[in-house]
Amino acid sequence: MSRNDKIRQIAGALEDILAGGTLPRDLAADWLIDGREETARALRDAAARLTRTVHGARVRIFAPLYYSNLCANNCLYCGFRRDNKDARRRVLTPEEIEVETQALLARGQRRILLVASEDPSPHGRALAIEAVHRARAAHVGDSRVEHLAAEIAPGGVEDFRALAGAGLDAYVLFQETYDRSVYRRVHPDGSKRDFDWRLEAPLRAISGGIRNVGLGVLLGLGEPMSEMLSLIDHARRIEATFGDPPRTVSLPRIEPAEGSPLSRDPYRRVSDAELLRLIAVLRLALPRCGVVLSTRESAAFRDLALEWGVTEMSVGSRTDPGGYTAENDGCLEQFELHDRRALPEMLASLASRGYEPFTGAEPSIVSGSAHRR
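Given the structure is predicted, the values throughout are model-derived calculations rather than measurements. (Residues numbered from 1 in each chain as written. Predicted model: local features only at pLDDT ≥ 70, side-chain atom pairs only at ≥ 80, totals over all residues. Heavy atoms only, no water.)

*Asks:* Would you mind showing me how to read the overall build of the chain here?
*Replies:* Per the secondary structure count, the chain includes 14 helices and 11 strands. A compact globule built from 373 residues would reach a C-alpha radius of gyration of about 21 Å, and the chain, at 20 Å, matches this within 12%. In terms of overall dimensions, the chain has C-alpha extents of about 60 × 45 × 40 Å along its principal axes. Every one of the 373 residues in the chain was classed for burial, and the buried ones make up 56%. In the chain, 75% of the contacts between residues at least 6 apart in sequence involve partners at least 24 apart. Carbon and sulfur atoms provide 51% of the accessible area of the chain, an area that totals close to 14600 Å². Once the 51 positive and 53 negative side-chain charges of the chain are each reduced to a mean point, those two points are 2 Å apart. (Helix = DSSP H or I, 4+ residues; strand = E, 2+ residues; numbered from the N terminus. Rg over C-alpha atoms; globule rule 2.2 N^0.38 Å. Buried < 20%, exposed > 50% of the residue type's maximum accessible area, 1.4 Å probe, protein only. Contact = heavy atoms within 4.5 Å. Areas by Shrake-Rupley, 256 points an atom, 1.4 Å probe, with all protein chains shown as cover. Lys, Arg positive; Asp, Glu negative; His and termini not counted. Charge placed at Lys NZ, Arg CZ, Asp CG, Glu CD.)

*Asks:* Can you walk me through unusual backbone geometry in this structure?
*Replies:* Where the residue is not glycine, phi is negative for most of them; where a peptide bond is considered, it is trans in most cases. Even without glycine at this site, E176 takes up a positive phi of about 75°. Looking at the secondary structure, you find E176 in the loop between β6 (170–172) and α7 (180–186). Given the relative accessible area of 9%, E176 is considered buried.

*Asks:* Before we go on, may I ask you to explain helix α10 (residues 224–242) in this structure?
*Replies:* Residues spaced three or four apart along an α-helix face the same direction, because each turn holds 3.6 residues. For α10, with 19 residues, the first-to-last C-alpha span of 27 Å sits near the 27 Å given by 1.5 Å per residue. By the burial criterion, the buried members of α10 are P224, E227, M228, L229, S230, L231, I232, H234, A235 and I238. At its buried positions, α10 is contacted by α2 (25–33), α8 (195–199), α9 (201–207), β7 (212–216), β8 (248–250) and α12 (272–285). The N-capping residue of α10, defined by a side-chain oxygen 3.0 Å from the backbone nitrogen of M225, is E223. One or two steps after α10, the chain reaches G243, where phi turns positive at roughly 95°. (Expected span 1.5 Å × (residues − 1). Polar contact = N/O pair within 3.5 Å; in protein donor to acceptor, adjacent residues only side chain to side chain.)

*Asks:* Just checking my understanding: could you explain the pattern of salt bridges for this structure?
*Replies:* Where charged atoms of side chains with opposite charge meet at close range, the side chains can pair. Counted according to the given criterion, the structure contains 33 salt bridges. Linking E158 and R161 is a salt bridge whose minimum nitrogen-to-oxygen distance equals 2.3 Å. In this pair, E158 and R161 both sit in helix α6 (residues 157–166), three residues apart, roughly one turn of the helix. Judged by relative accessible area, which is 54%, E158 ranks as exposed. With a shortest N-O distance of 3.0 Å, E312 and R247 are connected by a salt bridge. Residue E312 is located in strand β10 (residues 312–314), and its partner R247 is located in the loop between α10 and β8; the two are separated by 65 residues in the primary sequence. Assigned by exposure class, E312 and R247 land together as buried. A single salt-bridge network, built from bridges that share partners, covers R302, D303, D339, R341 and R353. (Salt bridge = Lys/Arg side-chain N within 4 Å of Asp/Glu carboxyl O.)

*Asks:* I'm lost on the packing of helix α1 (residues 3–18) against helix α3 (residues 37–55) in this one. Help?
*Replies:* When two helices pack together, you describe them by how their axes are tilted relative to each other and by the distance separating the axes. One can describe the packing of α1 onto α3 by two numbers: an axis separation of 9 Å at closest approach and a directional angle of 15°. In terms of orientation, α1 and α3 fall into the roughly parallel class. Note that α1 runs across α3; the crossing there is right-handed. In this structure, α1 uses R3, K6, I7, I10, L14, E15, I17 and L18 to contact α3, whose residues at the interface are E38, T39, A42, L43, A46, R49, L50 and T53. (Axes fitted to C-alpha atoms, helices over the stretch in contact; angles between N-to-C directions. Parallel < 35°, antiparallel > 145°, perpendicular 65-115°, else oblique. Left-handed = near helix turned anticlockwise from the far one by under 90°.)

*Asks:* Any chance you could explain the environment of T295 here in plain terms?
*Replies:* Mapped onto the secondary structure, T295 falls in the loop between β9 (290–293) and α13 (299–305). With 185 residues separating them in the primary sequence, T295 and R110 have C-alpha atoms 17 Å apart. In contact with T295, other than residues within four places in its own chain, are R302, S314, V315, G316, S317, L337, H338 and D339.

*Asks:* Would you take a moment to explain the environment of A28 for this structure?
*Replies:* Here A28 shows up in helix α2. Along the sequence, A28 and I232 sit 204 residues apart, while their C-alpha atoms lie 9.8 Å from each other. Discounting chain neighbours no more than four positions away, the residues touching A28 are L23, L229 and V281.

*Asks:* Would you mind going over the packing of helix α5 (residues 122–137) against α6 with me for this structure?
*Replies:* Look at α5 against α6: their axes get within 9 Å of each other, and the N-to-C directions meet at 15°. Classified by the interaxial angle, the pair formed by α5 and α6 is roughly parallel. Note that α5 runs across α6; the crossing there is right-handed. Taken together, the residues of α6 that come into contact with α5 (itself represented by R125, A128, I129, V132, H133 and R136) are D159, A162, L163 and A166. For the contact of α5 with α6, the class distribution of residues is six nonpolar, one polar and three charged. (Nonpolar A, V, L, I, M, F, W, Y, C, P; charged D, E, K, R; others polar.)

Below, the structure is given as structure tokens:
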């Protein structure tokens, strides 16, 4: 197909999506294969227009709060893996979780993602519920957490029901890779080795009363185009089952982590240009989902990615338990961070470029067809 024909094809598909249609899977695959710069620019322009139409200029801001790096799994790409014997472990007490939450509130954060390495034991599940209670109880003056999500070990429906009852708004879980053979290779043992238990966890979370779920893949493990198409398929199955899509989708790249050789030499590196194209196609395929980009990417890349469909960002992150209330004392971080901007600087940067940074509570899912706000 000629350059002009491809550009017209993308423009036509965008009009269909804006009218409430769905991006065909074969078009998404074709656009990911096409390496021409003209195609990339057309995808960027289409994604930018769709983002403004559906999500406006709003960029949702959140901060992760890590409360444990003691893990039962042995994921080869992660510094938290069980067999990393050189890692200094820390599990925050409920009181420390509340103090960490207060530290984030004092910095202006109101949307918080609780994160813990996977501990599927009764103690781990009990601590997760207590973490939700403590984050909800925390306050600095009149400031409280307005949106609370968690990225923790998947449980059963009753486990999610308990988390929802404690006050959890959203549940995030990355499949890591949809390639079953790669999945088995990088998860040699531990509860996470069960591919299908993890795949079906978002459905269990919704059945347990947490209507807002987040999906993602870890780029660097499987073939990127295949991973992205599988992520889209997964999101669409959730929407077909429950009537609403996942609230967020993410495409993080593997970053170096202490004690993880694979994290420094991933199976398949993804370039900046590839990732931007993936983000744009993801935006067009899942117009109602928020697209998240974390501080593992550089400040310059994150600024650029906003033009390609990103609508949510972590800011001022620490990935070590207790990192917001004390200088790092050797406690293990999950991965290296690259965008170190503090919240005030990030808010000013976004506003100066015409975006509307958002740190509060809101209806969790954009409702209706793709052309609605």
